[in-house]
Amino acid sequence: MRTDGWQVRGIDRDDVDVTSADATRLALDGLDGLDLLVPAAGIVERHTAEETDDAEWERVIATNLTHVFRFCRDALPLLRRRGGCIVTIGSGWGMVAGPRAVSYAASKAAVVNLTRALAIDHGPEGIRVNCVCPGDTDTPMLRREAEQLGEPFDTSSSRPLRRIGRPEEVAAAIAWLASDEASNVTGTTLVVDGGALAGSP
Ligand SMILES: NC(=O)c1ccc[n+]([C@@H]2O[C@H](COP(=O)([O-])OP(=O)(O)OC[C@H]3O[C@@H](n4cnc5c(N)ncnc54)[C@H](O)[C@@H]3O)[C@@H](O)[C@H]2O)c1
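Only a predicted model underlies this, so the values are computations on that prediction, with no experimental measurement involved. (Residues numbered from 1 in each chain as written. Predicted model: local features only at pLDDT ≥ 70, side-chain atom pairs only at ≥ 80, totals over all residues.)

Enquirer: Is there a simple way to think about the site of the ligand in this case?
Expert: Taken together, 20 residues sit near the ligand, with Arg13, Ala41, Gly42, Thr139 and Met141 positioned nearest. For the shell around the ligand, the element with the most residues is helix α4 (residues 140–149), which contributes 3 residues. Residues of the shell around the ligand, tallied by class, amount to 10 nonpolar, 6 polar and 4 charged. (Near = placed C-beta within 6 Å. Helix = DSSP H or I, 4+ residues; strand = E, 2+ residues; numbered from the N terminus. Nonpolar A, V, L, I, M, F, W, Y, C, P; charged D, E, K, R; others polar.)

Enquirer: Sorry, what's going on with the sheet that holds strand β3 (residues 129–134) here?
Expert: Hydrogen bonding along the main chain pairs the strands of a sheet, whether they run parallel or antiparallel. With parallel pairing, the 4 strands of this open sheet are ordered in space as β1-β2-β3-β4. Edge positions in the sheet fall to β1 (36–37) and β4 (189–192), since each of these pairs with one other strand and no more. As judged from the 4 bridges shared by strand β2 (residues 85–89) and β3, these two strands associate in the parallel manner. Across the sheet, the residue bridging to isoleucine 86 is valine 129, located in β3. Contacting β2, β3 and β4, helix α3 (residues 102–122) crosses the sheet at an angle of about 160° to β3. Running at roughly 165° to β3, helix α5 (residues 167–178) makes contact with β1, β2, β3 and β4 of the sheet. (Pairing = 2+ DSSP bridges. Contact = placed C-beta atoms within 7 Å. Axes fitted to C-alpha atoms, helices over the stretch in contact; angles between N-to-C directions.)

In structure tokens form, the structure reads like this:
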């Protein structure tokens, strides 16, 4: 992917709380354009509905969904200036659900359809919007999930490729969707999960 001349600004919880009202201003101010927006911050809580109180529900939705909406909305003027694009981060559990993950599954399914809605509205302006849906990937989130469930962390898997994914494999999918090679791709969902969803309708 050609990235020369790109401005890169990564933000993390230490810089900006993406759920705060001024998050997009803090993250986007001073940029004169944007080639690619990847609103990737996310949290997971492995609970059933009855185990999920209002505060937890709102925290997960604010982090996983509302921040994606606000960043996409507020980045559009910058993306227009440079013919930029958006890659959102869904999840395999945005396509199918899983046990004890009501708030997470709901938030990620919404991100998948938010992506499609944005692609429809902004395609005529040349702004492409796509979603990468990772399966289990070896990051701190997956380790925290194992802790929450009281399970040992295990990099093997019953999925077709018999292993969990690597973060760079998700990054490669994002990079491809952002590249000129994907110039006719918008509103789509690219699943990067070692085949876990291959048997799902
Ligand atoms: N790891 C997996 O198995 C997996 C699977 C499917 C989808 N995903 C998605 O991939 C994305 C990245 O997750 P990850 O696996 O790298 O998890 P991670 O926990 O390693 O990283 C998540 C990042 O989000 C940041 N973050 C969380 N809340 C924030 C806040 N309020 N303000 C600012 N930053 C905040 C954290 O600081 C962290 O850097 C998430 O959207 C996640 O839902 C991950």
